[in-house]
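Topology and contacts: notes
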Amino acid sequence: MKFACQLNDILPGTGVCALIEGRQIALFRPSAAAEVFAIDNRDPFFAANVLSRGIICEHDGALWVASPLKKQHFRLSDGHCLENAAMSIAAYAVEVRDQQVWVAV
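Residues numbered from 1 in each chain as written. Predicted model: local features only at pLDDT ≥ 70, side-chain atom pairs only at ≥ 80, totals over all residues. Heavy atoms only, no water.

1. Topic: the overall build of the protein
For the protein, the count of helices and strands is zero helices and 12 strands. Listing each helix as α and each strand as β along the protein from the N terminus yields β-β-β-β-β-β-β-β-β-β-β-β. Over its C-alpha atoms the protein spans a radius of gyration of 12 Å, differing by no more than 12% from the 13 Å that the globule rule assigns to 105 residues. The dimensions of the protein, computed from C-alpha atoms along their principal axes, are 35 × 30 × 20 Å. The buried share among the 105 residues of the protein stands at 36%. For the protein, the share of sequence-separated contacts (at least 6 apart) that also reach a separation of at least 24 residues comes to 40%. When the accessible surface of the protein is totalled, it reaches about 5,500 Å², and 49% of it is carbon and sulfur. With 9 positive and 11 negative side-chain charges, the protein shows a separation of 7 Å between the mean positions of the two kinds. (Helix = DSSP H or I, 4+ residues; strand = E, 2+ residues; numbered from the N terminus. Rg over C-alpha atoms; globule rule 2.2 N^0.38 Å. Buried < 20%, exposed > 50% of the residue type's maximum accessible area, 1.4 Å probe, protein only. Contact = heavy atoms within 4.5 Å. Areas by Shrake-Rupley, 256 points an atom, 1.4 Å probe, with all protein chains shown as cover. Lys, Arg positive; Asp, Glu negative; His and termini not counted. Charge placed at Lys NZ, Arg CZ, Asp CG, Glu CD.)

Given below as structure tokens:
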């Protein structure tokens, strides 16, 4: 596990980008709770590092992020792409310890 940021660095309902071991990782905090998700920041449809700026939404009981470019949806729990499974991205395990966010990359 690698340290990413302080929990309070991620405002509830938003995402941020962290550079961990040379990778851009999008971290999302859907609510005020200490639950954080981590997926690749790179939108595979446009090869742009923008997913951390996407909008968090809910669909069929799961949390997703809609890319800010063309709104493709990526499930926060596993990186699955709703519109095209072949374009799914990596998801990473996250732990919150003493208000610090740690990511397994």
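After presenting the structure, the write-up continues.
2. With respect to unusual backbone geometry
Even without glycine at this site, aspartate 60 takes up a positive phi of about 50°. Along the chain, aspartate 60 turns up in the loop between strand S7 (55-59) and strand S8 (62-66).

3. Section: the pairing of strand S12 (residues 100-103)
Judged by which residues are buried, S12 turns out to be one-sided: Val101 and Val103 face inward and are buried, whereas Gln100 and Trp102, on the alternate face, are not. The pairing of strand S1 (residues 2-6) with S12 spans four bridges and is classified as antiparallel. Looking at S12, one finds that glutamine 6 is bridged to glutamine 100. Sheet topology places strand S11 (residues 94-97) next to S12; four bridges connect them, and they run antiparallel. (Pairing = 2+ DSSP bridges.)

4. Looking at the sheet that holds strand S2 (residues 14-20)
Read across the open sheet, the four strands follow the order S2-S3-S4-S10; overall the sheet is antiparallel. Every other strand in the sheet has two partners, leaving S2 and strand S10 (91-92) as the edge strands with one partner each. In this structure, strand S4 (residues 37-40) lies alongside S10, joined through two bridges in antiparallel fashion. Across the sheet, the residue bridging to isoleucine 39 is alanine 91, located in S10.

5. Description of the pattern of salt bridges
Counting across every chain of the model gives three salt bridges. The shortest N-O distance in the salt bridge between lysine 2 and glutamate 21 comes to 3.2 Å. Taken together, the residues span a long stretch of sequence, with lysine 2 in strand S1 and glutamate 21 in the loop between S2 and strand S3 (23-29) at a distance of 19 residues. Since its relative accessible area comes to 36%, lysine 2 is described here as partly exposed. A relative accessible area of 54% places glutamate 21 in the exposed class. A salt bridge links glutamate 95 to arginine 97, with the shortest nitrogen-to-oxygen separation between them at 2.9 Å. On the basis of relative accessibility, which here comes to 33%, the residue arginine 97 falls in the partly exposed class. (Salt bridge = Lys/Arg side-chain N within 4 Å of Asp/Glu carboxyl O.)

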